[in-house]
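# Examining the three-dimensional arrangement
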Amino acid sequence: MGAELKHLAFDEITNDFMTPEAQDLVNKAKALTPVLADLARKTEQDGEISAEIVKRISDEGLFRILQPKRWGGSALDPRVFYRCQMAIAEGCMSTAWMYGVVGVHFWQLGLFSEKAQEEVWGDDPSTLIASTYMPVGKAEAVEGGYRFSGHWRFSTGVKHCKWIFLGGLVPDEETGMKHVTFLLPRSDFKIVENWDVLGLRGTGTHDIIVDDVFVPDYRTNETNNNTDEACPGRVKNTDSLYRIPFAQVFQRAVSTACIGALDGAIAAFRKRSAEHVGAHGSATANDVSAQMAVTDAMMLTDQLKLVLSRNYQEVSDYAARGEQMPVEARLFHRAQSAYVAKSCAEKVNELMRVCAASGTFKDNPVERFFRDLNQARGHIANNADAYIRAHGAVMLGLPNQDPFV
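A short tour of the structure in this document, coming up. (Residues numbered from 1 in each chain as written. Predicted model: local features only at pLDDT ≥ 70, side-chain atom pairs only at ≥ 80, totals over all residues. Heavy atoms only, no water.)

## Regarding the overall build of the chain
Summing up its helical and strand segments, the chain has twelve helices and seven strands in all. For a compact globule of 405 residues, the expected C-alpha radius of gyration is about 22 Å, and the chain comes in at 21 Å, within 12% of that figure. Along the three orthogonal principal directions, the C-alpha set of the chain runs to about 75 × 50 × 40 Å. Residues counted as buried form 54% of the 405 residues belonging to the chain. When the accessible surface of the chain is summed, it comes to about 18,000 Å², and 53% of that surface belongs to carbon and sulfur atoms. Charge separation in the chain, taken as the distance between the mean sites of 43 positive and 52 negative side-chain charges, equals 4 Å. (Helix = DSSP H or I, 4+ residues; strand = E, 2+ residues; numbered from the N terminus. Rg over C-alpha atoms; globule rule 2.2 N^0.38 Å. Buried < 20%, exposed > 50% of the residue type's maximum accessible area, 1.4 Å probe, protein only. Areas by Shrake-Rupley, 256 points an atom, 1.4 Å probe, with all protein chains shown as cover. Lys, Arg positive; Asp, Glu negative; His and termini not counted. Charge placed at Lys NZ, Arg CZ, Asp CG, Glu CD.)

## Focus: the pairing of strand β2 (residues 145-155)
Judged from the five bridges that link them, strand β1 (residues 129-142) and β2 form a sheet pairing that is antiparallel. The residue of β2 that forms the bridge with glutamate 140 is arginine 147. A loop of two residues connects β1 with β2, the two strands running antiparallel in sequence, and glycine 144 in this loop sits at a positive phi of about 85 degrees. Of the strand pairs in this sheet, β2 and strand β6 (residues 206-216) are connected by eight bridges, and their pairing is antiparallel. Its bridge partner being in β6, tryptophan 152 is matched across the sheet by isoleucine 208. (Pairing = 2+ DSSP bridges.)

## Regarding the pattern of salt bridges
In the structure shown here, the tally under the stated rule is 27 salt bridges. The closest approach of N and O atoms between glutamate 193 and lysine 159, which form a salt bridge, is 3.4 Å. Here the residue glutamate 193 occupies a position in the loop between β5 (190-192) and β6, and lysine 159 occupies one in the loop between β2 and β3 (163-172), the gap between them amounting to 34 residues. Among the residues examined, glutamate 193 registers a relative accessible area of 54% and is labelled exposed. Exposure remark for lysine 159: the relative accessible area of 39% places this residue in the partly exposed category. Its salt-bridge partner being aspartate 196, residue arginine 201 comes within 3.0 Å of it at the nearest N-O pair. Judged by relative accessible area, which is 60%, aspartate 196 ranks as exposed. (Salt bridge = Lys/Arg side-chain N within 4 Å of Asp/Glu carboxyl O.)

## Concerning the packing of aromatic side chains
Scanning all chains against the criterion turns up 15 aromatic pairs. Taking 5.4 Å as the distance between ring centres and 45 degrees as the angle between the ring planes, the aromatic pair formed by phenylalanine 148 and tryptophan 152 counts as tilted. The class of tryptophan 152 is buried, set by a relative accessible area of 0%. Put simply, the rings of Phe63, Trp71, Phe81, Tyr82, Tyr99, Phe106, Trp121 and Tyr312 touch in pairs and so form one group of aromatic residues. Here the basic side chain of arginine 368 rests over the ring of phenylalanine 369, its NZ or CZ set 4.8 Å away from the ring centre. (Phe/Tyr/Trp six-rings, centres within 6.5 Å; stacked < 30°, edge-to-face > 60°. Lys NZ or Arg CZ within 6 Å of the ring centre and 35° of its normal.)

## Regarding empty space enclosed by the protein
Scanning the entire structure with this criterion turns up one cavity of 30 Å³ or more. Quantified by volume, the largest cavity comes out at close to 60 Å³. Partitioning the lining of the largest cavity into residue classes produces two nonpolar, four polar and one charged. (1 Å grid on protein atoms, 1.4 Å probe; cavity = no way out; pocket = protein on both sides within 12 Å on 5 of 7 lines; lining within 4 Å. Points joined across faces, edges and corners; volume = space filled by probe spheres on them. Nonpolar A, V, L, I, M, F, W, Y, C, P; charged D, E, K, R; others polar.)

## Examining the environment of arginine 371
Mapped onto the elements, arginine 371 comes out in helix α11 (residues 365-376). Along the primary structure arginine 371 and alanine 345 are separated by 26 residues, whereas in three dimensions their C-alpha atoms are 8.8 Å apart. Each residue touching arginine 371, except ones within four places of it in the same chain, is listed here: Glu44, Leu198, Gly199, Arg201 and Lys362. Looking at arginine 371, its side chain comes within polar contact range of the side chain of glutamate 44, at 3.0 Å. (Contact = heavy atoms within 4.5 Å. Polar contact = N/O pair within 3.5 Å; in protein donor to acceptor, adjacent residues only side chain to side chain.)

## A word on the sheet that holds β2
One key point about sheets: their strands pair by backbone hydrogen bonds, in either a parallel or an antiparallel sense. Reading across from one edge, β5-β6-β2-β1-β3-β4-β7 is the order of the seven strands in this open sheet, with mixed pairing throughout. Of all strands in the sheet, those bounded by a partner on one side alone are β5 and β7 (220-222). Across the sheet, the axes of successive neighbouring strands diverge by a mean angle of 25 degrees, strand direction being ignored. Pairing between β1 and β3: six bridges, direction parallel. Residue pairing for β3: lysine 138 is matched across the bridge by leucine 169. (Axes fitted to C-alpha atoms, helices over the stretch in contact; angles between N-to-C directions.)

Laid out in structure tokens, this is it:
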């Protein structure tokens, strides 16, 4: 059987990471919530977050929470970043999704070579980087680097970014193939604007095409290799934040917005229910199903926030000690992260149901959150059933089959 899971006790969970700087950043994110809510329908219609909002998020320092301090970033605990993401999502989940995906890149670039960091941040440390990590890129080793080509889907917020992380496979003597992240400038890739989907419509998550460009070795990073040799940026970025494995940071970037979005849906549902009287003369506030749905959803977000905080304290503690978290715990965290999208979608589905027919009109914000949360379940990192099964298999004595943990 798999090893026993051990977690921090309740009284071991602290809020020491919430420094005055951290609280100021969270307050700035919360101040954006009503602004983003007012713009949410336009953001959907435009198919992307406005340049003005992206600039405001950048100017407030919110993108740079996980960036190394020597580049002007805050290098704060991931919990600060994710609290900001949840606050943004209460107003607009599309904006929060883009914020989460693009924001973690400020952490990831800190693992790359010094030369790569200088190329991206040397003139402007606030430069944004997009991504799509699917390992579909074709890389041919040449002197000093690789010839690189491919067609990727799902690059969130790419039109706002000057650089991009792209996934590819490179031959490896030990494993056969290894997943590598390639860093390319805007001049080396083409954006195919084709994002027209059910939810998260404002994220501008377009396709990317690269046609036989040269990527030098120093602009590559072995995605799932957490050794010092594979993460040369640690030579100068010595904070333990940069010792956290890639999957443990990124997996929450595409699930945490769901928590804030459900909170946003709850707030919208409460406001609507307090005012709405149905065609048959019955107030929604008096509907037993509505009463149960709102509290059920509130209980869930409360629980998910506690688990998020506890898990990241465990992650940060392991990184600070320079130790690797046991595989059982890493798999459990991954399953819990993916479960966020599944469970939040289930709760917003019930809120939407008790809105009844009139609630399906576009002037009901719950309708937008409903589509956004169900869209979020489609991301591979939010495939809860797959990751719950992967953890369960290990707990029953079978080998780990998830290469990302």
